[in-house]
Amino acid sequence: MLDCAVKLGDWETLNLILSNLSQNPELGTNPDERKYLDYLGALSKYDQGHYKDAFKLLGDLSTIESSEDYGFEPIIRIQFSEQLLLQSMLQHKDKVEHNLISKNLGIARDLLKEPLRVATLNSITESYPIMNLIHCINYLDNAVQVENTGFQLENILWKEISLQSHNGDVGLLNNLLRIRKACSQKLLDEPFDEKLKDHVIKLSRKQKNWKLANRLLKDRTPSVFTLFQQCKLDYSSGKRVEAIVKLMAQEKLVKEGDKKTASKILSTLGEWFHLERRNLGDQLNLSGQYLKEAVNIDPTYSNAWLKYADWCFHQGTKKIDRMKSDSTSDKYFQVEEKLLLRKLVEKYAESDQVEEITNTLLTKLPQQCGIQVEESFDAETPREDVSSVIRSLGSFVTRPMVEEVVALWNSVQSRLLDHFRLAVQNYFEFLHLRFTVDKTDTGGIVATLRLLKILLKHGQALQSEFSAGFQKTPANPWKEIVPQLFARLDHPDSYVRSQLVDLVMRLGKEAPHLIVYPTVVAVTTESATNPTQKNQIQEIYNRLLSESPQLVEEVKLLIQELTRITSLFEEQWMVALHQLQPEVASRMKTVKNEIVRLNENKSLTAAEKSKLILEKYSTIMQPSFVTLDTLFKHTFATPETSHERWFQNTFGEALKKAIAFFKSPRNLLENPESAWHPLKDLSREFNRFLKPTTLRLNDISTELTRSVFSMVTMPGHELNHHGNENLVKIQSFEMSVNILPTKTRPKKITIVGSNGKKYIYLIKGSEDLHLDERIMQFLGIVNQLLRHDKEANIRNLTARKYAVIPLGERSGLIQWVDGSIPLFTIYKQWQRRESINKQVGKGSSGAIIGKEVLRPSDMFYGKMIPALKEKGITSRNDWPFDVMKRVFLELSAETPKTLISRELWMKGTSSLDWWNRTKNFNRSVAVMSMIGYIIGLGDRHLDNILLDSRTGEIVHIDYNVCFEKGLKLRVPEKVPFRLTQNIENALGLTGVEGMFRIASQHTLRVLRQNKQVLLTLLEAFIYDPLVDWTADKAEDATRRNMELNICLTLFSSRIEEVKDNLRDLRDHLLKILPNLESAANNFVAMKMKEISEKKNPNLKTKKKEEEILISTKASVAKKTQEISMILQDVMNFLMAIMKNTVRLESAQNLHDSAKEISSNYQQFVLLMDKFVNPASIMHGNFLENSDQISPAVRQLENWIQSIYSDLFNLKKESSRFAAKIQMKETADPKNRNQVENQDENSQDSQEDSQEDSENEDSFEKSNPKEDFEDIFYSGEVAETKKMRATSRHISAYAVSLLKRVDVKLKGKLDENSQKLSVPEQVDHVIKEAVNVDNLCVLYEGWTSWV
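Residues numbered from 1 in each chain as written. Predicted model: local features only at pLDDT ≥ 70, side-chain atom pairs only at ≥ 80, totals over all residues. Heavy atoms only, no water.

Asker: So what about the pairing of strand β7 (residues 811-815)? Which residues, and what values?
Answerer: Taken across its five residues, β7 has four buried, putting it largely inside the fold. By the bridge criterion, five bridges tie strand β5 (residues 758-765) to β7 in an arrangement that is antiparallel. Across the sheet, the residue bridging to K764 is G812, located in β7. With three bridges connecting them, strand β6 (residues 804-806) and β7 associate as antiparallel partners. Within β7, the position partnered with I805 by the bridge is L813. Between β6 and β7, which pair antiparallel in sequence order, lie four residues. (Buried < 20%, exposed > 50% of the residue type's maximum accessible area, 1.4 Å probe, protein only. Helix = DSSP H or I, 4+ residues; strand = E, 2+ residues; numbered from the N terminus. Pairing = 2+ DSSP bridges.)

See the structure below:
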């Protein structure tokens, strides 16, 4: 507290503390403490001008002859050095002999040598206070020498060091002011002293040190600048309206002063008016007035243009928002404009059409001619020419009418977009001044994103402004939104599209390294770009190729070779066989069922059975055959590297034989599983060859070792420079390639840059990294916003990011995060230590140490399964909440809370270093928690969060599960971010209530304040063809059609099997049908006779009974005739169906065939139902005959239905082949199937391991008749129809996610909830993150108990 009061210059608080301490009787026992407290009191008196009192409190320190008299404790030596300096300052005031002062200063200087040596060993930051003290001693010594000798010894670096070596500590700068004030006037440098004092005033104000700032301002000479500083101090301290009024009162004085200062003051005044518009009421219009005056007074002040542009943008947005809330169709027109439009229509149209035509124009002109008021992330629609809209009204339209209406509409549009027009002009002027005149390379991101937003929405209406602006805008500020520019190259408006293409081409000309990677990747890979976008990218590529041919060719070669080593041939086969194994096992079950059915069929010979089962086997396994053939063709093409030649020589023959045996296995009827055995053996062989973790680059890519990439920029470092001179280029590749022992086997490569430095990357395959790349860009923009916010910048709030460079649809480069370890590794290390302790305690040998370490999922199920068995529960959907909570609490209690905090402590070289790491940890966790909450980042298991052991910061990796995709996982993630017990404990004593909460509030505040910027940034994600936004990826269309063909072929085969039985049934039915009709006639005749013989019959009742009998007779005759017609050719009916199942190339024909089968089957069943139901009312002779036919009819129906049921079962089995085998509900964790080669040190990821249990369960409950159409008409066809429903293929799912982001940035929990303040919103998400009820139901691989 004493130190804080001194640094803040708060002498009132200091004296109060000293007064309280003086009443403590134990204080005088330590003389050093007593002396230091007296020194603080003396310092307070000195700064307040009471020099005699200060000297009296300090006492005489001149008896000390050497620095050795003060011992060797650093803190004691620093305190005595400060005391000697203050005494020397007082002696200098009293004109004491300079030799004595110099002696004391020499001792003070010597006292600091040891503390400075110790401090520099820890960190340069720790040495700042000591360096500052040495500067002060040297400066006073210099002043004494000048007064004595007249020769000035001041170091020429004094001024530079004075302003730099304070590290944001206002106390150190205050020391400099004090010492300069104490020195002779001959040494004073007025401009520098004023600059130093202004610097301290600004820093004090920013750090909310109001007292010190006010005291220093009182010492300044009154001027416009001091007035401005005083008003800024009042505004920041809460006296906002008073500050505005005070500054307005001196407006005339301000305008008469320096132009740049006047522009700065007026722009600030305009900004304050805008921020305080609710408190100032009707004076809101003064905001724009002051901002306009600011740019007029000094047109070279770039910040004034930026503030004016921001104000115009906000006003334009407000105007559009007001129109959104207006439901009337003529909301865009003012009363005068409506009257004028009506007069124009009356002038040219018939009187009875005036009303209709006027209303049509009022509605159509805004909708189709450029005015859009929908949400910022909705799709744009192509806009019609105004004249075309007018001409479409009818033949009465003439050229003069078109010209007059166009002129009117232009004036309306000009009024509606007037603020956006000014915003465009001002933003372009700001970019021009900032990047060409000021030559500053930062601060343009907000301007460029807002210009892009206006261009996309209103570019057609603001053509002149954009054309002029793009002509003079520099290319540099647009470099950071290159992905957004590429994503919108297919904009429906031709003018907007042309401007974007021209801008990208300018970037390509001035800085080709910025666009060459995305351009080459988009051209050389099969991306999802639509034809328009593909044409634009091809045009950009052609321009790049013509202007930088060497660069393009080198990048193409680099991408090709890096893609080659992403997945080596043996790895491709290993992955393919591993993925095929569950599919083959699933299909093999179907084969076995077919074998059982054939063996039960006594009408078939052994040869016929063998032929049929081989045909069925080939049909069922066809997709697996295609996969193997495709991969074989790819890996046995002409080899290009020695490694590829080795693979072909080693495995060529073995693979050929294994595939041939798999296609035509022997003893299929007896042992069908043996077909897969050769390939399974090869899979084990591949696994053996995959053991080496290091390869030589020249073996796997000759081109990377011998080619020169002199033009290619180091991947991920394109944005670090604006010019081409200082760019880091690729010099060479190191020979050693390390393979990480994880499931996807990523390769770690080292590239040597042209600057001599080494850059490490991870080449990753089997994943689409485009979304990760976009998220990294998003984090970069957020970091800029945080740097430009005063509160966030003071706390150094930032999100750790790394470079991600996609090389295709399923591969890419990731910058290696050096010095970082996954949190799971920390947890695993603790487990191993515990295992060792247990082994040592049991006296076991070291050979078995560590083998009992369980995976987190094993630990979880080790507790969960026994608890579930007690309750007799197997399905996860039925797991009791109380059991899950109990297991979570038990695991939490068994896991230490101090794993991360202990890691931070052990890595720290000193207490200060540990404290800095803890602060970095707090702030990085807070920043990423808030960003993760906004973008819906999920799958935050321990392997996806790294801890930088050098700084204490956390680094998040793997952003595939974002935008709340975690909520759609099989086990939904209900927490907004990871804040488990170990992370919370590592935050320090205050936990979530200290730095973490403050940093979270500032981060969320910055995100909310820049909502429009972030939404504009994310809006491009919707249009990006390389980002997969779908909630669940659809199966490949070719695969779907293949599955359908298999089903239809098996259907045909099933008919072939049962045709003899069907023929017998047909003959039996045809034989007894005539008897049935005859019996029905006899039955009706008998009943008619009974009715006629009744005595005294009721004529009305008699007539009704006769009508029923006649109707029944007719119905039986009709249904008998219909069923006879079908049965006359039942085999032809079924064979016709079978003929429709021939293999077809057209997917549409396949679906049509399936639809016809479904229709025929349903028609047959309907006839059977209608035929049998009337029989239930019959009795007597008819009943005897109906009893004969009813079972036969039912048997026939069952035979046919069984064919379809088998079809449904096949579909059910085939839908599961891609899912990983899990036995979570019933199996012991030690016996559960584990994925081969999965790294034991990696965590289970729910995204990787989950299967769609809802689809699996729903089939069992479904009706086969209804499911038949679902099988063939869900999926790819439905998705195609959905895609065609929108002209630009915009994902409604993506739009809904961005709207969810918008809701969060508005401070709401959902669209219908009330807006929360920033502290309230932070409090809510923290409570959700630490809520035990949320944590206990998370997926076990998330390890919520750690």
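Asker: An account of the nonpolar core is needed here, citing residue identities and associated values.
Answerer: Counting 227 residues, the largest nonpolar core has F466, L562, F733, F921, I931 and F963 as the members making the most contacts within it. In this structure, F733 is in contact with L558, L562, L697, L704, F709, I749, T750 and I751, ignoring residues within four places of it in sequence. The next biggest cluster of nonpolar side chains, apart from the first, holds 56 residues, and it includes A42, L86, Y139 and L216. (Core = buried A, V, L, I, M, F, W, Y, C linked by side-chain atoms within 4.5 Å. Contact = heavy atoms within 4.5 Å.)

Asker: Lay out the sheet that holds strand β10 (residues 954-956) in plain terms, naming residues and giving numbers.
Answerer: The antiparallel open sheet is built from three strands, whose spatial order is β8-β9-β10. Every other strand in the sheet has two partners, leaving β8 (820-822) and β10 as the edge strands with one partner each. Mean inter-strand twist for the sheet, computed between neighbouring axes without regard to direction, equals 35 degrees. Strand direction decides the pairing type here: β8 and strand β9 (residues 945-948), joined by three bridges, are antiparallel. Residue S820 lies in a different strand from β9, and its bridge partner there is D948. Across the sheet, helix α45 (residues 911-935) touches β9 and β10, and the angle it forms with β10 is around 25 degrees. (Axes fitted to C-alpha atoms, helices over the stretch in contact; angles between N-to-C directions.)

Asker: Describe the packing of helix α13 (residues 224-236) against helix α16 (residues 259-275), naming the residues involved and giving the relevant values.
Answerer: Running from N to C, α13 and α16 cross one another at 20 degrees; their axes reach a closest spacing of 11 Å. It follows that α13 is roughly parallel to α16 by the angle criterion. Crossing handedness for the pair α13 and α16: left-handed. Packed against α13, whose contacting residues are V224, F228, C231, K232 and Y235, the element α16 presents T261, K264, I265, T268, W272 and L275 at the interface. (Parallel < 35°, antiparallel > 145°, perpendicular 65-115°, else oblique. Left-handed = near helix turned anticlockwise from the far one by under 90°.)

Asker: So what's going on with a positive patch on the surface? Residues and values would help.
Answerer: A contiguous patch of positive charge on the surface is contributed by K202, K206, K260, K264 and K790. Here K206 is to be found in helix α11 (residues 190-206). (Patch = residues over 30% accessible without salt bridge, like charges linked within 9 Å, V, L, I, M, F, W, Y side chains within 5 Å. Areas by Shrake-Rupley, 256 points an atom, 1.4 Å probe, with all protein chains shown as cover. Salt bridge = Lys/Arg side-chain N within 4 Å of Asp/Glu carboxyl O. Lys, Arg positive; Asp, Glu negative; His and termini not counted. Charge placed at Lys NZ, Arg CZ, Asp CG, Glu CD.)

Asker: Could you give me a rundown of the packing of aromatic side chains, with the residues and numbers involved?
Answerer: Counted under the stated rule, the structure contains 28 aromatic pairs. Taken together, a centroid distance of 5.4 Å and an interplanar angle of 40 degrees make the contact between F647 and F651 tilted. Taken together, the positions of F647 and F651, both in helix α35 (residues 642-663) and four residues apart, correspond to about one turn of that helix. F651 shares its class with F647; the two are buried. (Phe/Tyr/Trp six-rings, centres within 6.5 Å; stacked < 30°, edge-to-face > 60°.)

Asker: Now, about the packing of helix α32 (residues 569-600) against helix α33 (residues 606-620): what can you tell me, with residues and values included?
Answerer: Between two packed helices, the angle of one axis relative to the other and the distance separating the axes together describe the packing. Close contact between α32 and α33 brings their axes to 10 Å; oriented N to C, the two are set at 160 degrees. Classed by the angle they form, the pair α32 and α33 counts as roughly antiparallel. Handedness of the crossing formed by α32 with α33: right-handed. Only K609, L612, I613, K616, Y617 and I620 of α33 make contact with α32, whose side of the interface consists of R587, M588, T590, V591, E594, I595, L598 and N599. Classifying every residue of the contact of α32 with α33 gives eight nonpolar, two polar and four charged. (Nonpolar A, V, L, I, M, F, W, Y, C, P; charged D, E, K, R; others polar.)

Asker: Lay out the pairing of strand β3 (residues 736-739) with the relevant residues and their values.
Answerer: Successive side chains on a regular strand alternate, one facing one side of the sheet and the next facing the other. Alternating residues of β3 divide into V737 and I739, all buried, and S736 and N738, none buried. Note that β3 and strand β4 (residues 747-753) share two bridges and pair antiparallel. Paired with N738 across the strands is K748, a residue of β4.

Asker: Any chance you could break down unusual backbone geometry for me, citing the residues and the numbers?
Answerer: In most cases, non-glycine residues show a negative phi, while peptide bonds are predominantly trans. If you check the backbone angles, F963 has positive phi at about 55 degrees while not being a glycine. Here F963 shows up in the loop between β10 and α46 (981-986). For F963, a relative accessible area of 4% corresponds to the buried category. Phi at T1343 is positive, roughly 50 degrees, even though this residue is not glycine. Note that T1343 resides in the segment after α60 (1332-1335).

Asker: Could you give an account of the pattern of salt bridges, naming the residues involved and the relevant values?
Answerer: Within this structure, the stated rule accounts for 45 salt bridges. Across the salt bridge formed by R399 and E403, the nearest N and O atoms sit 3.4 Å from each other. In this pair, R399 and E403 both sit in helix α23 (residues 399-416), four residues apart, roughly one turn of the helix. The network of salt bridges with shared partners includes E561, R564, E640 and E644.

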